[in-house]
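Each chain, written out:
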Amino acid sequence: MIAIKAVDAWEILDSRGRPTIAATLVLDDGTTGTVSVPSGASTGQAEAKELRDGDRRFRGLSCQRAINHIRGPIAAALIHETFETQDQLDAWLLQLDGTPDKSRLGANALLAISLGFARAAAAYHHLELFEYFASLLPDVSPRLPAMTINLFSGGKHASGQVAIQDVLIVPSSTSSIADGLAQMYDIYQEAAAILHRRYQAPALTADEGGLAPPFKKSAQMLETAAEAIRAAGYELGQQVRLAVDLAASHFVTSAGLYQLDQETLSPEALIDTVGSWARHYPIVSIEDGLSEDDWAHWPALRRKLGDWSLTLADDLTCTNPTRIERAIDTGAANALLLKVNQIGTLTEAKQAYLLARSAGWRVSVSARSGETEDNWLADLAVGWAGDFIKVGSITQSERLAKYNRLLQIEHTHPLLGK
Ligand code: PGA
Ligand code: ZN
């Protein structure tokens, strides 16, 4: 039985300099759990609502109201409550909020408590955080994920110079985390050198640390990634593969067409384009290849990708069990991008995860573009045996906090494997 003695929260800044929330839970025996919550930019419409103040402070992005909810009504109701499990705590939070989208207390406030409880409970039970996360699932053995590491950025994470959002490098699942990061370093350096030669400009990075050169067309991101891989001495399809996040919700037109750079494409034409990329390059996964509302065409995208690439849903499903169920029923996807803050509590993220697994889907555990130096995401990916982890590039400490935690887990638990 876990009893909560004190709760505190305060404003911190995320990797884009925007406010977010840190919180500490103190248990009766003095055990503490401190966490911070991430925040997206390329957000799906169906995401749980993070509360922002909308006043002059931080140009509307301030989180004082959500923080006051934690310090006020949540703390008042939580202190001296006891909980046996994470499920109980999260169900209690949902009831206290009482809205379907967490807009009353704020999804950012609820997530801070849900995760803070997890970290405190792990310490209370003398478990590593990833072991605690694994204990929440009925039947899973912790495992190191394959990494999908951002090389090039466009769309909302850069200046929108090209439509698609991410081209990522996926070191082979047989390489260790340590070797995969070393390969990525080689490729990143080669890519930066190519861009310097081609554009005579220093390598500018985007929100998640990816390179964001003035490409003219999205396809150049893929071509240049292949070039950098070759220059680094690797063979695409052998030691490394690619992954793509189109984030197509952000370049769909009001008429349901897609503004892919200079071209306006029908959904069918975009599916053909993406399908030919998948065949030309070994692409492990195509994320949000169509927009979040284009339910009519997602099944055709999945059929087109077949066994070449996973059809990975992010904005489409928003880690929301109801939307995942619809995607399963309609054959819209076969892989889930899991972002806990899209839904608001760990238990709901667990339901999303279990639903996806029940349909045989792959799972990629993902960070947000606005991240903090907290590393709980690495433990979640390991504890829930995610097939992939998506954290961003290898250049900024809020990303490296997660990679460095994976390195620590790999080092201290060499038998975990992949
Ligand atoms: P976001 O983007 O965190 O800005 O929403 C990440 C993604 O689209 O995968
Ligand atoms: Zn995405």
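Everything quoted here is computed from the prediction, not taken from an experiment.

Before going further, it helps to examine the coordination of the zinc ion (ligand 2). Within the protein, Asp245 (OD), Glu287 (OE) and Asp314 (OD) serve as the donor atoms for the zinc ion (ligand 2), at 2.0 to 2.3 Å. Along the chain, the residues that donate to the zinc ion (ligand 2) are spaced as D-x41-E-x26-D. Separated by 42 residues along the polypeptide, Asp245 in strand S7 (residues 240-245) and Glu287 in strand S10 (residues 283-287) bring together distant segments of the chain. An identical accessibility class is assigned to Asp245 and Glu287; each is buried.

Below, the discussion takes up the site of ligand 1. With respect to spatial proximity, 15 residues lie near ligand 1, and among them Ala41, Ser42, Arg368, Ser369 and Lys390 are the closest. Between Ser42 and ligand 1, the recorded distance is 2.7 Å, taken from a backbone N or O atom to an oxygen atom. Contact distances for ligand 1 include 2.6 Å between an oxygen atom and a side-chain N or O atom of Ser369. Within the shell around ligand 1, the residues separate by chemical class into 2 nonpolar, 6 polar and 7 charged. Composition of the shell around ligand 1 by domain shows at least three residues from each of domain 1 (2-126) and domain 2 (146-412).

This paragraph deals with the sheet that holds strand S2 (residues 19-27). Strand order in the open sheet formed by 4 strands is S3-S2-S1-S4, with antiparallel pairing between adjacent strands. Two strands in the sheet have a free side with no partner beyond their single neighbour: strand S3 (32-36) and strand S4 (82-83). Two strands pair when backbone bridges link them, and strand S1 (residues 2-13) and S4 are joined in this way by 2 bridges, in the antiparallel orientation. By the bridge assignment for S4, Ile2 is matched with Phe83. Along the sheet face, helix H1 (residues 64-78) touches S1, S2 and S4 and points at about 175° away from the line of S1.

The next point concerns the side chain of Ser62. Here Ser62 is to be found in the loop between S3 and H1. A polar atom in the side chain of Ser62 sits 3.2 Å from the side chain of Glu11. Of the polar contacts made by the side chain of Ser62, one reaches the side chain of Arg57; its length is 2.5 Å. In this structure, Ser62 is in contact with Glu11, Pro19, Leu51, Arg52, Asp53, Asp55 and Arg57, ignoring residues within four places of it in sequence.

Taken as a whole and assessed by the stated rule, the structure comprises 21 salt bridges. Here Glu47 makes a salt bridge to Arg368, at a shortest N to O gap of 3.0 Å. You can see Glu47 sitting in the loop between S3 and H1 and its partner Arg368 sitting in the loop between strand S13 (362-366) and helix H12 (376-383), a full 321 residues away along the chain. Accessibility classification places Glu47 together with Arg368 in one group, the buried group. Through salt bridges with shared partners, a single network forms among Asp166, Asp245, Glu287 and Lys390.

So, on to the sheet that holds strand S14 (residues 388-392). Taken in spatial order, the 8 strands close into a barrel running S5-S6-S7-S10-S11-S12-S13-S14, and their pairing is mixed. Pairwise comparison of adjacent strand axes, ignoring direction, gives a mean angle of 25° for this sheet. Here S10 runs beside strand S11 (residues 310-313); their pairing, made up of 3 bridges, is parallel. The partner of Ile286 across the bridge, within S11, is Thr311. Taken strand by strand, helix H8 (residues 298-305) contacts S10 and S11, and its axis lies near 145° from that of S11. Sheet contacts for helix H11 (residues 346-358): strand S12 (335-338) and S13; angle to S12, the most-contacted strand, approximately 165°.

Moving on to the nonpolar core. Membership of the largest hydrophobic core comes to 123 residues, with the highest contact counts inside it found for Leu151, Phe152, Leu246 and Trp384. Per-element tally for this core: the top contributor is helix H3 (residues 107-124), with 11 residues. Each of domain 1 (2-126) and domain 2 (146-412) gives at least three residues to this core. The contact partners of Leu246, leaving out residues within four places of it in the chain, are Ala163, Ile164, Gln165, Phe251, Leu270, Val274, Trp277, Ile286, Glu287, Asp288 and Gly289.

A few words now on the pairing of S14. Counting buried residues along S14, 5 of its 5 residues qualify, which places the element largely inside the surrounding structure. Bridge count between strand S5 (residues 146-153) and S14: 4 bridges; the pairing is parallel. Bridging from a neighbouring strand, Ile149 pairs with Gly392 of S14. Bridge count between S13 and S14: 3 bridges; the pairing is parallel. Considered in S14, the bridge of Val365 is made with Ile389.

Right, let's get into the domain arrangement of the protein. Here the protein is described as being made up of domain 1 (2-126) and domain 2 (146-412). Distance between the C-alpha centres of domain 1 and domain 2: 27 Å. Across the contact, 32 residues belong to domain 1 and 32 residues belong to domain 2. Of the roughly 2600 Å² buried at the junction of domain 1 and domain 2 (both faces included), carbon and sulfur atoms supply 49%. Counting the surface domain 1 buries against domain 2, the share from its top three residues, Ser15, Pro38 and Ser42, is 21%. If you look at where domain 1 meets domain 2, you find 4 salt bridges. One salt bridge in this structure joins Glu348 and Lys102, with 2.6 Å as the shortest N-O distance. In this structure, the connection of domain 1 to domain 2 is made through 22 residue pairs in polar contact (both at pLDDT 80 or more). Those elements that provide at least two residues to the side of domain 1 that touches domain 2 are S3, helix H2 (86-97) and H3. Ranked by residue count, the leading element in the side of domain 1 that touches domain 2 is H3, at 7 residues.

Reading guide: rules and limits
- Residues numbered from 1 in each chain as written.
- Chains lettered and ligands numbered in written order.
- Predicted model: local features only at pLDDT ≥ 70, side-chain atom pairs only at ≥ 80, totals over all residues.
- Heavy atoms only, no water.
- Donors = N, O, S within 2.8 Å, 3.2 Å for Na, K, Ca; no water.
- Helix = DSSP H or I, 4+ residues; strand = E, 2+ residues; numbered from the N terminus.
- Buried < 20%, exposed > 50% of the residue type's maximum accessible area, 1.4 Å probe, protein only.
- Near = heavy atom within 4 Å.
- Polar contact = N/O pair within 3.5 Å; in protein donor to acceptor, adjacent residues only side chain to side chain.
- Nonpolar A, V, L, I, M, F, W, Y, C, P; charged D, E, K, R; others polar.
- Domains from an automatic or database assignment.
- Pairing = 2+ DSSP bridges.
- Contact = heavy atoms within 4.5 Å.
- Axes fitted to C-alpha atoms, helices over the stretch in contact; angles between N-to-C directions.
- Salt bridge = Lys/Arg side-chain N within 4 Å of Asp/Glu carboxyl O.
- Core = buried A, V, L, I, M, F, W, Y, C linked by side-chain atoms within 4.5 Å.
- Buried area = accessible area lost by both parts, 1.4 Å probe.

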